[in-house]
Amino acid sequence: MTKKSDNELTAGDFKVGAIVTEPASARQYQTGTWRSERAIMNREKCTKCGLCYIFCPEGCIQPAPDAEGYFDIDLFYCKGCGICAHECPSDAITMVEEAE
Amino acid sequence: MAKRVGMEVSIAVAEAAGLANADVVAAYPITPQTHIVEHLAEMVADGHLDAQYIPVESEHSAMSACLGASAAGARTFTATAGQGLELMHEVLYVASSMQLPVIMAVANRALSAPLSVWGDHSDAMAVRDTGWIQIFVENGQEAVDNVICAFRIGEDPGVLLPVMVHLDGFHLSHVIEPIELPAREQVDRFLPVYHHPMPLDPARPVTMGAFAPPAIYSETKWAQETNLRKSKGTILKAWDEFGKAFGRQYHPLESYHAEGARVLLLTMGSFSETAMTVIDKLRAKGQSVGQLKLRLWRPFPFDEIRQAVSGAEVLIVLDRALSVGGPGGPVCSEVRSALFDQAHRPKVVSFVGGLGGRDISPEEFEQILGRGTEIARSGRQREFEIIGVRE
């Protein structure tokens with residue numbers, strides 16, 4: 001069954017107080033479109049301290065699968081809040097305008 | 001076997017929730033409903049009602065706990081009044097939009113300031129838009145009967161909406177009236193067991209009250225509106241079945257000599273009964289007057305009102321609440337709006353009275369009918385009239 005997009009859903013699709021029966025459906029919501037700045041990681045400066053991972057309020061920074069000790073930012077969800085850049089003690093993360 | 005008792009209406013309301021075998025009561029006391037929740041606490045403590053009683057820290061918590069309980073599949077009841085109803089205001093919308101059938105008795109109380117513990121409808125009028133089914137009662141028997149009906153209506157699988165039963169604070173909550181309390185077996189037969197179709201259950205996880213972006217919020221509201229309007233069918237059916245089972249029939253709009261009357265008075269709540277004595281007196285003198293008593297407030301009974309007043313020349317609506325700086329009488333403004341497009345409609349005159357527990361005497365009801373008819377004839381000078389105020 002193809003899932004309807006937001007703009008296709010009708011009033012009749014909402015049953016029982018708009019209850020959501022698909023668990024963890026929030027994962028499908030792309031919050032990455034909200035950001036106006038993107039966090040760019042510079043691995044050369046990174047000391048693998050893990051503070052960016054700890055401080056990200058959304059859990060969007062995860063261990064990099066390709067390089068142990070480093071971290072990757074999940075751009076699907078990242079809202080560009082800049083906390084990781086602010087907390088990084090090595091200035092390894094910079095916030096760059098999305099427009100650039 | 002049903003038993004006839006002389007009982008304080010608050011206590012009777014608690015007994016009704018007990019007869020309905022409520023599972024969870026999360027409540028906070030407030031005059032003039034305190035006796036309802038106190039008696040329920042006693043019933044639970046004494047083992048007369050097998051329920052979880054949660055004495056919460058405020059009405060906001062009471063409604064929050066109630067909706068959580070209802071979401072888990074519990075038959076849920078609470079009571080509040082006045083400032084308490086206001087304190088839970090934001091949660092009321094959640095209970096109805098999430099379709100959780102919490103049943104609540106409201107001992108209608110005036111809103112501060114100044115502080116008034118006494119009865120009027122301002123608390124109810126402040127929650128018109130919350131999406132709850134709302135029923136107004138006139139006496140203790142109606143309060144008991146409609147608390148029981150409320151469970152039947154709200155928990156119906158085709159409805160699943162919270163229900164407020166409004167009874168006048170002090171005028172009803174604190175009076176001892178003759179009431180026929182149904183027997184537990186009769187209520188058990190009348191009320192099916194409550195089942196939420198998708199309750200909170202770790203084995204079958206669901207999300208209730210998720211956020212909705214602009215693209216879909218309107219659709220959820222339209223679904224809510226459709227459901228509340230549709231619930232009227234179930235309300236009528238429940239009242240019919242209550243009538244068959246218990247011998248007392250309720251309607252969205254009750255008529256008292258309204259058929260063929262030239263001048264109609266529309267009231268809601270306990271002062272309807274005072275007005276009835278005045279209707280009798282004036283009719284005995286040959287006046288063509290009648291009365292309409294509004295019982296179903298939400299969903300608003302547009303058809304019944306339009307039908308009932310179509311032959312009248314004058315419709316006087318008496319409100320027990322004041323919409324300050326606005327149309328005056330909230331019920332009147334809704335009635336007037338409902339009649340606006342009708343080809344045949346009476347002149348509608350708005351009266352506001354009985355605020356903050358002020359009684360309206362039979363003499364004052366005569367004045368309302370007299371002055372109202374005169375204003376209809378000569379044309380109104382003001383948006384509404386206020387009765388019994390020393391200016």
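The structure displayed is predicted, hence computed values, not measured ones. (Residues numbered from 1 in each chain as written. Chains lettered and ligands numbered in written order. Predicted model: local features only at pLDDT ≥ 70, side-chain atom pairs only at ≥ 80, totals over all residues. Heavy atoms only, no water.)

Asker: Quick rundown of unusual backbone geometry? Include the residues and the values.
Answerer: Residue and element names in this part refer to chain B. Residue P114 follows A113 across a cis peptide bond; omega there is -5 degrees. Topologically, P114 is positioned in the loop between β5 (103–108) and α6 (122–125). With omega at 0 degrees, the peptide bond leading from R298 into P299 counts as cis. Within the secondary structure layout, P299 lies in the loop between β12 (296–298) and α11 (302–309). (Helix = DSSP H or I, 4+ residues; strand = E, 2+ residues; numbered from the N terminus.)

Asker: Go over the nonpolar core with me, naming the residues and quoting the values.
Answerer: All names here are of chain B. The biggest cluster of nonpolar side chains holds 54 residues, and the ones touching the most others in it are V13, I36, L40, F77, I133 and I148. Among the elements that make up this core, the one with the highest residue count is helix α7 (residues 140–154) (8 residues). If we ignore the near neighbours within four places in the chain, the residues touching L40 are A14, A17, V25, L49, Y53 and F77. C66, L92, A95 and W132 belong to the second largest nonpolar core, which has 26 residues in total. (Core = buried A, V, L, I, M, F, W, Y, C linked by side-chain atoms within 4.5 Å. Buried < 20%, exposed > 50% of the residue type's maximum accessible area, 1.4 Å probe, protein only. Contact = heavy atoms within 4.5 Å.)

Asker: Which residues make up empty space enclosed by the protein, and what are the values?
Answerer: Residues and elements named next belong to chain A. Under the criterion given, the structure shown has 1 cavity of 30 Å³ or more. Taken as a whole, the largest cavity spans an internal volume of roughly 140 Å³. Every residue lining the largest cavity is counted, 17 residues in all, and those nearest its centre are M41, C46, C52, C88 and A92. Here the residues of the lining of the largest cavity sort into 11 nonpolar, 4 polar and 2 charged. (1 Å grid on protein atoms, 1.4 Å probe; cavity = no way out; pocket = protein on both sides within 12 Å on 5 of 7 lines; lining within 4 Å. Points joined across faces, edges and corners; volume = space filled by probe spheres on them. Nonpolar A, V, L, I, M, F, W, Y, C, P; charged D, E, K, R; others polar.)

Asker: With reference to specific residues and values, describe the sheet that holds β12(B).
Answerer: Residues and elements named next belong to chain B. What the 7 strands build is an open sheet, ordered β3-β2-β4-β5-β7-β6-β12; its pairing is mixed. If you trace the sheet from one side to the other, it starts and ends with β3 (52–55) and β12, each paired once. Ignoring which end each strand starts from, the neighbouring axes of this sheet average 20 degrees apart. Two elements, strand β4 (residues 76–80) and β5, share 4 bridges in a ladder whose sense is parallel. (Pairing = 2+ DSSP bridges. Axes fitted to C-alpha atoms, helices over the stretch in contact; angles between N-to-C directions.)

Asker: Break down the interface of chain A and chain B for me, citing the residues and quoting the values.
Answerer: Counting from both sides, the interface comprises 15 residues of chain A and, opposite them, 20 residues of chain B. Taking both sides of the interface into account, the surface hidden between chain A and chain B amounts to around 1400 Å²; carbon and sulfur atoms contribute 72%. Contact with chain B buries area across many residues of chain A, yet A:F14, A:V16 and A:I19 alone supply 35% of it, more than any other trio. Along the contact surface separating chain A from chain B lie 0 salt bridges. (Buried area = accessible area lost by both parts, 1.4 Å probe. Salt bridge = Lys/Arg side-chain N within 4 Å of Asp/Glu carboxyl O.)

Asker: I'd love a proper account of the side chain of B:S58, names of residues and values included.
Answerer: All names here are of chain B. Assignment of secondary structure puts S58 in the loop between β3 and α3 (59–71). Separated by 3.2 Å, the side chain of S58 and the backbone nitrogen of H60 make a polar contact. Apart from the residues within four sequence positions on either side, S58 is in contact with Y28 and L87. (Polar contact = N/O pair within 3.5 Å; in protein donor to acceptor, adjacent residues only side chain to side chain.)

Asker: Describe in detail the sheet that holds strand β11 (residues 289–294) of chain B, supporting the description with residues and values.
Answerer: Residues and elements named next belong to chain B. In space, the 6 strands of this open sheet follow the order β9-β11-β10-β13-β14-β15, with mixed pairing throughout. Two strands in the sheet have a free side with no partner beyond their single neighbour: β9 (253–256) and β15 (385–386). Where β9 and β11 come together, 4 bridges link them in antiparallel fashion. Along β11, the bridge assignment pairs L253 with L294. Its contacts with the sheet place helix α12 (residues 330–339) against β10 (263–267), β11, β13 (314–319) and β14 (347–352), and it is angled at close to 150 degrees to β13. Across the sheet, helix α13 (residues 362–378) is in contact with β10, β11, β13, β14 and β15; its angle to β13 comes to roughly 135 degrees.

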